[in-house]
Amino acid sequence: MITRVLLLACLTVALTQEAPPVKIHLYYESLCPYSIDFVINQLYPTWTILRDIMQVELFPFGNASYEPDGEGWKFKCQHGEGECHGNMILACAKDHFKDINLEMEFVNCLLSSDYPPNAGATCAASVGADWGPLDQCVNSLEGQNLLHDVALQQEQLDPPLYFVPWIIVNDVFSEEQVAECQTDLKKVVCELYTGPPPEPCANLEPVHRPAARRVTVA
Ligand SMILES: *[C@@H]1O[C@H](CO)[C@@H](O)[C@H](O)[C@H]1NC(C)=O
């Protein structure tokens, strides 16, 4: 009897561990209203309740370009210079923290602020991080190289990014899936997770696929 209980316990542990986390890769911009909306209304809230079954990585570049500039790089961003500055803060934070928990708190703070490019110091303080090294990063070749590295990673996308926010789920891109993530990311993560559903995934309403919609003819 004891053996059987132990076996069951082990099996449960094995099942829990075998289910891979749902991978969310976000390509975003610090001043893009749709990026901001997705992070503060979908990604961050979902993350706070489902982080145990999620693997998130953030790529702050988006619809921008770069060219060599001396020893470093000069950037052009869709929403102007402030956006490039904000993106660089985000790239420096990602590299310095190397901790998605801290990064998510920082990113949520920055994008929730009135003007993200100016919120670095405030948000570093609010997550208990030291702004000094980040400030130095943003104002040096280090930040330029880090942001350029993000651009190179983004260039690996297939298909290439053609709008922002660009959301990849478990390495797969589809416009429909991006729309679902922007509407209800929690549902997407819960549905794709193959392990035992965690508590926040209980009582999810069934998905309403467009094909299943009832059409009333008047
Ligand atoms: C990318 O940004 C440029 C301005 O820098 C803009 O003209 C273009 O429409 C943008 N493209 C997309 C797909 O958002």
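Above this text is the structure in question.
As a starting point, this report considers the structure included with it. (Residues numbered from 1 in each chain as written. Predicted model: local features only at pLDDT ≥ 70, side-chain atom pairs only at ≥ 80, totals over all residues. Heavy atoms only, no water.)

**Thoughts on the overall build of the chain**
Alright, step 1. A count of helical and extended segments in the chain gives 8 helices and 5 strands.
Alright, step 2. Beginning at the N terminus, the succession of helices and strands in the chain can be written as α-β-α-β-β-β-α-α-α-α-α-β-α.
Alright, step 3. Here the contacts in the chain between residues at least 6 apart in sequence split such that 69% fall between residues at least 24 apart.
Alright, step 4. Of the accessible surface of the chain, which amounts to about 12,300 Å², a share of 54% is contributed by carbon and sulfur atoms. (Helix = DSSP H or I, 4+ residues; strand = E, 2+ residues; numbered from the N terminus. Contact = heavy atoms within 4.5 Å. Areas by Shrake-Rupley, 256 points an atom, 1.4 Å probe, with all protein chains shown as cover.)

**Here we look at the packing of aromatic side chains**
Alright, step 1. For the structure shown, the criterion picks out 11 aromatic pairs.
Alright, step 2. Their ring planes at 80 degrees and their centres at 6.1 Å tell us that Tyr162 and Phe173 sit as a pair that is edge-to-face. Taken together, the positions of Tyr162 in the loop between α7 (141-154) and β5 (166-169) and Phe173 in the loop between β5 and α8 (175-192) put the pair 11 residues apart, joining distant regions of the chain.
Alright, step 3. By relative accessible area, Tyr162 is classed as partly exposed at 47%. (Phe/Tyr/Trp six-rings, centres within 6.5 Å; stacked < 30°, edge-to-face > 60°. Buried < 20%, exposed > 50% of the residue type's maximum accessible area, 1.4 Å probe, protein only.)

**Focus: α8**
Alright, step 1. The first and last C-alpha atoms of α8 sit only 17 Å apart over 18 residues, clearly below the 26 Å expected at 1.5 Å per residue.
Alright, step 2. Approximately 120 degrees is the largest bend angle found in α8, and it occurs at Asp184.
Alright, step 3. Taken together, the buried positions of α8 are Gln177, Val178, Cys181, Leu185, Lys187, Val188, Val189 and Cys190. (Expected span 1.5 Å × (residues − 1). Bend = angle between axes of the 7 residues up to and from the residue.)

**Topic: the packing of helix α3 (residues 81-97) against α7**
Alright, step 1. Closest axis-to-axis distance for the α3/α7 pair is 9 Å, and the angle between their directions is 90 degrees. Overall, the two elements α3 and α7 adopt an arrangement that is roughly perpendicular. Residues Cys84, Asn87, Met88, Ala91, Cys92, Lys94, Asp95 and His96 of α3 lie in contact with α7, whose contacting residues are Glu142, Gly143, Gln144, Leu146, Leu147, Val150 and Gln153.
Alright, step 2. Its residues assigned to classes, the contact of α3 with α7 comprises 7 nonpolar, 5 polar and 3 charged. (Axes fitted to C-alpha atoms, helices over the stretch in contact; angles between N-to-C directions. Parallel < 35°, antiparallel > 145°, perpendicular 65-115°, else oblique. Nonpolar A, V, L, I, M, F, W, Y, C, P; charged D, E, K, R; others polar.)

**Description of the site of the ligand**
Alright, step 1. Every residue lining the ligand is accounted for by Asn63, Gln78 and Tyr162.
Alright, step 2. At 2.4 Å, a side-chain N or O of Asn63 approaches an oxygen atom of the ligand.
Alright, step 3. Within the side chain of Gln78, an N or O atom sits 3.5 Å from an oxygen atom of the ligand.
Alright, step 4. Notes on the ligand: free accessible area 360 Å², of which the protein chains cover 37%. (Near = heavy atom within 4 Å. Polar contact = N/O pair within 3.5 Å; in protein donor to acceptor, adjacent residues only side chain to side chain.)

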